Amino acid sequence: LGFTLRLLELKSEHDAKSFEAEKDILFKLRDAGVWLAPGETFRMTSPGYYRLCFAQVSEEELEVGVRRLASAACKLDSKL
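Residues numbered from 1 in each chain as written. Predicted model: local features only at pLDDT ≥ 70, side-chain atom pairs only at ≥ 80, totals over all residues. Heavy atoms only, no water.

1. What about the nonpolar core?
Worth spelling out the cut-off: As used here, the term nonpolar core means buried Ala, Val, Leu, Ile, Met, Phe, Trp, Tyr and Cys residues forming a set that is joined through side-chain atoms within 4.5 Å. The classification of residues rests on relative accessible area computed with a 1.4 Å probe and restricted to protein chains. Under 20% of the type maximum is buried, over 50% is exposed, and intermediate values are partly exposed. Only runs of H or I of at least four residues qualify as helices and only runs of E of at least two qualify as strands under DSSP, and these elements are numbered from the N terminus. Residues are treated as being in contact if the distance between any of their heavy atoms lies within 4.5 Å.
Judged by nonpolar contacts, L8, I25, L26, L29, V34, L36, Y50, L69, A72 and L76 together constitute the single largest core of ten residues. Elements with a contribution of two residues or more to this core: α1 (19–31) and α2 (59–79). Aside from chain neighbours lying at most four places away, what touches L8 is L36, G48, Y49, Y50, L52 and L69.

As C-alpha cells, this is what we get:
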C-alpha cells in the first residue's frame, strides 16, 4: 500500500484535558507496539489527537497494525 496519513482522535469523557495526559497515552500505546505521533507536535489546539502514518506495507502488515491499535485503544478505554 502507498503512503497514508490519518489523524486519529483517541479521547473519552474520562481523559485528562492536557497534553501531558496525551503523552501518557502515547507511551502506553507504544508499550503495546503502536507508534503514533502526538497531535501537539502538529499544533493541534486540544489534546487527544494522534497522527498515524504508514507507507509501503503489505495488507497483512496493515491488518496487524490495525489489530494492535484496536486492542490498545480498548485497553486504554477500560482503564480510564
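2. Considering the side chain of E22
Just so we agree on the cut-off: N or O atoms closer than or at 3.5 Å make up a polar contact, with two conditions inside protein: a donor-capable atom paired with an acceptor-capable one, and, for residues adjacent in sequence, both atoms drawn from side chains.
Among the structural elements, E22 can be located in helix α1. In this structure the side chain of E22 is engaged in a polar contact, spanning 2.9 Å, whose partner is the backbone nitrogen of G48. If we ignore the near neighbours within four places in the chain, the residues touching E22 are P38, G39, E40, P47, G48, Y49 and Y50.

3. What to know about the pattern of salt bridges
Where charged atoms of side chains with opposite charge meet at close range, the side chains can pair. What counts is decided by this rule: By definition here, a salt bridge exists when the distance from a side-chain nitrogen of Lys or Arg to a carboxyl oxygen of Asp or Glu is within 4 Å.
Under the defined criterion, the tally for this structure stands at three salt bridges. For the salt bridge of E40 with K23, the shortest nitrogen-to-oxygen distance reads 3.8 Å. A residue pair is termed long-range when its members are at least 10 positions apart, and E40 in the loop between β2 (37–38) and β3 (49–54) and K23 in helix α1 qualify at 17 residues. Between R67 and E63 there is a salt bridge, with the nearest N and O atoms lying 3.9 Å from each other. Residue R67 and its partner E63 are both found in helix α2; the two are separated by four residues, about one turn of the helix. Classification of E63 by relative accessible area gives partly exposed; the value is 44%. Several salt bridges share partner residues, and in doing so they unite E20, K23 and E40 into one network.

4. Section: α1
The criterion, for reference: Expected helix span is taken as 1.5 Å per residue step, with the number of steps being one fewer than the number of residues. For this quantity, the arc is that covered by the directions from the helix axis to the C-beta atoms.
When the terminal C-alpha atoms of α1 are compared, their 18 Å separation across 13 residues agrees well with the 18 Å that a helix rising 1.5 Å per residue should span. Of the positions making up α1, those classed as buried are A21, E22, I25, L26 and L29. Down the axis of α1, the sector holding all buried residues measures 145 degrees, keeping them to one side. Exposed residues lying more than 90 degrees from the buried face of α1 are E20 and D31. G33, located one to two residues past α1, shows a positive phi value of around 90 degrees.

5. So, the layout of surface pockets
Inclusion rule: For cavity detection a 1 Å grid was placed over the protein atoms alone, and a set of points counts as a cavity when a 1.4 Å probe fits there but cannot get out; an open set counts as a pocket when protein lies on both sides within 12 Å along at least five of seven lines, with lining residues being those that have an atom within 4 Å of a point. Grid points are joined across faces, edges and corners, and a volume is the space filled by probe spheres set on the points. Gly is put with the polar residues, along with every residue not named as nonpolar or charged; the nonpolar set is Ala, Val, Leu, Ile, Met, Phe, Trp, Tyr, Cys and Pro, and the charged set is Asp, Glu, Lys and Arg.
By volume, the largest pocket amounts to about 280 Å³. Contributions of two or more residues to the lining of the largest pocket are made by β3 and α2. The element contributing the most residues to the lining of the largest pocket is α2, with seven residues. For the lining of the largest pocket, the residue count by class is ten nonpolar, two polar and two charged.

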